[in-house]
Amino acid sequence: MHFLPSCRVAIIGGGPAGLMAAETLARQGIQADLFDAMPSLGRKFLLAGRGGLNITHAEDFEAFASRYGDRRGQIEPLLRAFPPQALREWVEALGVQTFVGSSGRVFPAGMKAAPLLRAWLTRLREAGLRIHVRHRWAGWTADGALRFISPEGERHARADATLLALGGGSWARLGSDGAWVPMLAGRGVGVAPLEPANCGFVVASPRTRPEAGWSAHFRERFAGEPLKSIALAVDGVDAPMRPGEAMISDDGIEGSLVYALSASIRERIKADGRATLRIDLAPGRSLERVRAEAAHPRGARSLASHLQSRVGIAGVRMALLRECLSAAELADPACLAERIKALPLELVAARPLDEAISSAGGVCFEDLDEALMLKALPGVFCSGEMLDWEAPTGGYLLTACLATGRRAGEGIAAWLAGH
Ligand SMILES: Cc1cc2nc3c(=O)[nH]c(=O)nc-3n(C[C@H](O)[C@H](O)[C@H](O)COP(=O)(O)OP(=O)(O)OC[C@H]3O[C@@H](n4cnc5c(N)ncnc54)[C@H](O)[C@@H]3O)c2cc1C
């Protein structure tokens, strides 16, 4: 068995949470060793930058904190210690300017993660961080050493304090595969099952077909088509229709608006086996107006050209009505108007966890102290997406990952000082 030199602090997981903890420790002059299973660090962070890295949000703090739903109580104190403005200043201190997009989302200049990660890793290395890639953590030995599987075989290391920053369970090929769940659960740590968050959903057959998903015709023509300027609500959830954009997928629906509602949709499916999404296909027009327009005599014109000229419904919206409504519903102007304003779409399952942008579930806050140390395993801290919280897209994920990494770093410094 090969023993690695003892570490003062072992940080396992080189995503944003682990790196922020390393930085917090380095600022206090504490050397850390960082281990990651992958050949390089921050792979999910880099992927997040591919579609435009949204690092935080510029809305007021009250609205910001509300995005963490049931976990607001646990996350808010960490955000107060590292609020969105401090995050922006931190990015800028790394030499990357930030800007606020029209929706209030905050991006680094260039919108990419790579320049930020490069500058960050350079600074951390200069501060003395020792990085060990291709070291997959595999739990503890009987006498409490950390076990790593490396290309040279199994290696063990002792650490005065350990931070687990192993990420959630989506996009396993980027490193965060959730394999840590049984390792912690086996040590008596409460872990809520990892579930998809910010994910797409599978639609039930809109009409009489027995199988789930769209008809072959609709899928072939419209999968990948955006549904711009719509509004969505979930039946049974007391919230107004929410405006935004979604996308037709191969077997259902996805996109930013669906992600924003994904926690409610997921919970309804869990409770009832299905959730009903209501789509307002004409959010700029009142029901009364759509009713009047739909009832307007159309003469020899087809239904499609009638709806296009009077209600602005065409393309994928028209196809969606045809996909979901019976001939009788389409022929009844009052019913048609109601459906245009609240088209019901039955959703039966979330797309698989591995495809999700983030995961819900994880290490329960009840099993952590305020410094994010595991009560069952003194000296072992946790941070980032592996904790049991979730938030919509909009920069809330990274902001909380960084804030939890910072808190755990401070907690480790205090723990070392006390021991
Ligand atoms: C497509 C996509 C786009 C996204 N866009 C955004 C966005 O714009 N804004 C935003 O706020 N968030 C975004 N996110 C979410 C964000 O990237 C994550 O929430 C964040 O990276 C989680 O950080 P983390 O440090 O907790 O975990 P991760 O970034 O997942 O890092 C965990 C690390 O732990 C390592 N690891 C795991 N298990 C082991 C083990 N057993 N041994 C050793 N190492 C291990 C992994 O290799 C990985 O490097 C996006 C996610 C995806 C998938």
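Residues numbered from 1 in each chain as written. Predicted model: local features only at pLDDT ≥ 70, side-chain atom pairs only at ≥ 80, totals over all residues. Heavy atoms only, no water.

Trainee: For the site of the ligand, give the residues involved together with the corresponding values.
Mentor: Near the ligand there are 31 residues, and of these Asp 36, Asn 54, Trp 137, Glu 385 and Leu 398 occur at the shortest range. Backbone polar atom of Leu 398 to an oxygen atom of the ligand: 2.8 Å apart, as the coordinates give it. Sorting the residues of the shell around the ligand by element identifies α1 (16–27), α2 (43–48), β8 (136–140) and α16 (396–418) as the ones contributing at least two each. Partitioned by chemical class, the residues of the shell around the ligand number 16 nonpolar, 11 polar and four charged. (Near = heavy atom within 4 Å. Polar contact = N/O pair within 3.5 Å; in protein donor to acceptor, adjacent residues only side chain to side chain. Helix = DSSP H or I, 4+ residues; strand = E, 2+ residues; numbered from the N terminus. Nonpolar A, V, L, I, M, F, W, Y, C, P; charged D, E, K, R; others polar.)

Trainee: Give a detailed account of the layout of surface pockets, specifying residues and quantitative values.
Mentor: Taken as a whole, the second largest pocket holds about 710 Å³ of empty space. Forming the boundary of the second largest pocket are 33 residues, of which Gly 69, Asp 70, Ala 263, Ser 264 and Glu 390 lie nearest the centre. Ranked by the residues each element gives to the lining of the second largest pocket, the list is headed by helix α10 (residues 262–272), at six residues. (1 Å grid on protein atoms, 1.4 Å probe; cavity = no way out; pocket = protein on both sides within 12 Å on 5 of 7 lines; lining within 4 Å. Points joined across faces, edges and corners; volume = space filled by probe spheres on them.)

Trainee: How would you explain unusual backbone geometry if you had to name every residue and give the values?
Mentor: In this structure, Arg 134 takes a positive phi of about 55° despite not being glycine. Secondary-structure assignment places Arg 134 in the loop between β7 (130–132) and β8. In this structure, Trp 171 takes a positive phi of about 50° despite not being glycine. Position of Trp 171 among the secondary structure elements: in the loop between β11 (159–164) and α7 (180–185).

Trainee: Just give me the short version of the pattern of salt bridges, but keep the residues and values in it.
Mentor: Summed over all chains, the structure comprises 30 salt bridges. One salt bridge in this structure joins Arg 123 and Glu 23, with 2.9 Å as the shortest N-O distance. Of this pair, Arg 123 sits in helix α6 (residues 114–126) while Glu 23 sits in helix α1, and the two are 100 residues apart along the sequence. On the accessibility criterion, Glu 23 (4% relative accessible area) is buried. For Lys 341, the salt bridge identified is with Asp 280, shortest N-O distance 2.7 Å. Residue Lys 341 is located in helix α15 (residues 333–341), and its partner Asp 280 is located in strand β17 (residues 275–280); the two are separated by 61 residues in the primary sequence. Exposure remark for Lys 341: the relative accessible area of 14% places this residue in the buried category. Within this structure, Glu 195, Arg 266, Glu 267, Lys 270 and Glu 390 form a network of salt bridges that share partners. (Salt bridge = Lys/Arg side-chain N within 4 Å of Asp/Glu carboxyl O. Buried < 20%, exposed > 50% of the residue type's maximum accessible area, 1.4 Å probe, protein only.)

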